[in-house]
Every structure is written in C-alpha cells, then in structure tokens.
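Examination of the molecular architecture
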Amino acid sequence: MELETKVLSRELQRILYDSHKTVGTAESCTGGRIAEAIIATPGASGYFKGSIISYSNEIKEKLLFVSSKVLAEQTAVCEEVAKEMVLGAIRSLDVDFAVAATGVAGPGGGTADIPVGTIWIAVGDESDVKTFKLSEDFGRDINLAIATNKAVSLLLDFIREKLGVSDE
C-alpha cells in the first residue's frame, strides 16, 4: 500500500474516531481495495462498519438497491450507479458516510463509450452525494491504485466539509 494511502487512512481515522461517525464502502471494480485502505490504521473497527463488494449487477440491485432500470439504460459504469451505490451502502451498512467505486479497470471490458480507465467514484451521506470521474488508462494495477487513493481522498475531504474539520 502506498504511503499516501496510509497517510489518508490515518487522517480519516483521527477525524472519524473523534467524531464518533461511521463509514462503509460499496465497491465494484476496486474489489475491496478502498476498504483495505480505510482499515490500514489500527482502531478502524471504531468507525468502519463494513463493505459490500458488488462486482455483479445482481448484487448492486439486491444489496445496494441500485435501480435495475439505471443499470439497463446506463450500464453499471455511470455516475448515477455510483451515487446509488453510496446511498445503498449507507442504508445497508447503517453508516453515516459511504464511498463507492464502479468502473472498467482493464485490461479488457472497455467500449467506445466507456473505455478502460473509466471509473466513477462517489462519496456522501444520506442527504448529499458527490461524484468524480477518472478517465485515463494506465493499466489495471495503476488504475486501481489511483481509484483507491482518489476515493479515500474524496471521502476525507467530504467528511471534513460535513463535520467542519480543518485540513491539518
């Protein structure tokens, strides 16, 4: 795990532990890497409740309540699915905040409309969800590392904003 990820995890731990807030993840293409990054710091059990790894659309629908209509019309790799994954994780895991990732890490699976390297990340709480799109292909391992770091960074920024915590 990269040093940057460990630093982000440590800061996330400080804020969440002190605020008594909880977090969970809903992951598709990252396959648990975001959860792994969050628990890299000892004491994560005090604020990290769990993760739903939803590699298939079936699991996105059943456990994260992602709309089958959205999946059919827009595919699993879209902004709306990322948003619904965050809200589904908040509901299923009973957490204050959640982060989600869905995309095409590669090396295959891309299309002309959704090329390899397209990864949607969403972070939020029950009333507000923000998204970010990665769109460059650096190869599977690097795509997943970038998505993981970006997801934890966005989650940290979102939580700081919502809790009024400064960047120290």
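Along each chain, numbering runs from 1 in the same order as the chain's sequence is written. Given that this is a predicted model, residues contribute local features only at a pLDDT of at least 70 and side-chain atom pairs are listed and counted only at 80 or more, while totals for whole chains, interfaces and linings are drawn from all residues. Side-chain metrics in this entry use all non-hydrogen atoms of the structure; hydrogen atoms and water are not considered.

Details of helix H1 (residues 3–19)
In a regular helix each residue adds 1.5 Å, so 17 residues correspond to 24 Å; H1 covers 25 Å between its end C-alpha atoms and thus fits that length. By the burial criterion, the buried members of H1 are Thr5, Leu8, Ser9, Glu11, Leu12, Gln13, Ile15 and Leu16. Where the residues of H1 are buried, they touch strand E1 (23–27), helix H2 (33–38), strand E3 (97–103) and helix H6 (140–163). Think of it this way: any DSSP run of H or I at least four residues long counts as a helix, any run of E at least two long counts as a strand, and we number them from the N terminus. A positive phi of about 60° marks histidine 20, the residue just after H1. By this rule the span expected of a helix is its residue count minus one, scaled by 1.5 Å. The classification of residues rests on relative accessible area computed with a 1.4 Å probe and restricted to protein chains. Under 20% of the type maximum is buried, over 50% is exposed, and intermediate values are partly exposed. Every residue pair with non-hydrogen atoms within 4.5 Å of one another is taken to be in contact.

Here's the deal with the pairing of E1
The buried fraction of E1 is high, at five of five residues. Residue alternation in E1 divides its side chains into two sets, Val23, Thr25 and Glu27 and Gly24 and Ala26, and both sets are buried. Orienting the strands away from the viewer, one traces the path from the first strand over the helix to the second; a clockwise path indicates a right-handed crossover. Once the chain exits E1 it traverses H2 before rejoining the sheet at strand E2 (residues 48–53), and the crossover so formed is right-handed.

Considerations on the packing of aromatic side chains
Here the aromatic set is Phe, Tyr and Trp, taking the six-membered ring for Trp, and pairing holds for ring centres within 6.5 Å; pairs whose planes are under 30 degrees apart are stacked, those over 60 apart are edge-to-face, and all others are tilted. One pass over the structure, following the stated rule, counts one aromatic pair. Centroid distance phenylalanine 97 to phenylalanine 158: 6.1 Å. Interplanar angle 80°. Geometry classified as edge-to-face. Taken together, the positions of phenylalanine 97 in strand E3 and phenylalanine 158 in helix H6 put the pair 61 residues apart, joining distant regions of the chain. With relative accessibility at 3%, the residue phenylalanine 97 sits in the buried group. Residue class for phenylalanine 158 comes out buried when judged on its relative accessible area of 2%. Across the ring face of phenylalanine 65, the terminal group of arginine 91 is positioned such that the distance to the ring centre comes to 3.6 Å. Of note, lysine 150 hangs over the ring of phenylalanine 132, and the distance from its end group to the ring centre comes to 4.4 Å. Look at NZ for Lys and CZ for Arg. If either is within 6 Å of the ring centre and within 35 degrees of the ring normal, a charge sits over the ring.

What about the pattern of salt bridges?
Salt bridge, as used here, is a side-chain nitrogen of Lys or Arg placed within 4 Å of a carboxyl oxygen of Asp or Glu. Under the counting rule described, the total for this entry stands at seven salt bridges. The salt bridge involving arginine 160 is made with aspartate 157; its shortest N-O contact spans 3.4 Å. Of this pair, arginine 160 and aspartate 157 both sit in helix H6, separated by three residues, roughly a single helical turn. Judged by its relative accessible area of 12%, arginine 160 is buried. Taking the relative accessible area as the measure of exposure, aspartate 157 reaches 40% and is therefore partly exposed. Sharing partners across several salt bridges, the network here consists of Glu11, Arg14, Asp157 and Arg160.

Re the packing of H1 against H6
Axis angle and axis distance: for two packed helices, these are the angle between their axes and the distance between the axes, and together they describe the pair. For the pair H1 and H6, the least separation of the axes is 10 Å and the interaxial angle reads 30°. In terms of orientation, H1 and H6 fall into the roughly parallel class. H6 is crossed by H1, and the crossing has left-handed handedness. Residues Glu4, Thr5, Leu8, Ser9, Glu11, Leu12, Ile15, Leu16 and Ser19 of H1 pack against Asn149, Val152, Ser153, Leu155, Leu156, Ile159, Arg160 and Leu163 of H6. Split into classes, the residues belonging to the contact of H1 with H6 amount to nine nonpolar, five polar and three charged. Note on method: axes are straight lines fitted to C-alpha atoms, helices fitted across the in-contact stretch only, with angles between N-to-C directions ranging 0 to 180 degrees. Working definition: roughly parallel below 35 degrees, roughly antiparallel above 145 degrees, roughly perpendicular at 65 to 115 degrees, and oblique for all remaining angles. Here a crossing is taken to be left-handed if its near helix is turned anticlockwise relative to the far helix by less than a right angle, and right-handed if that turn runs clockwise. Under this grouping Gly is polar, as are all residues other than the nonpolar Ala, Val, Leu, Ile, Met, Phe, Trp, Tyr, Cys and Pro and the charged Asp, Glu, Lys and Arg.

Focus on helix H5 (residues 79–93)
Under the 1.5 Å per step criterion, the end-to-end length of H5 is 21 Å for 15 residues, consistent within 8% with the ideal 21 Å. Every buried residue belonging to H5 is among Val81, Ala82, Glu84, Met85, Val86, Gly88, Ala89, Ile90 and Leu93, and all of these are buried. Trailing H5 by a residue or two, aspartate 94 shows a phi angle of about 55°, which is positive.

Purely geometric stuff here, so don't read any function into it on its own.
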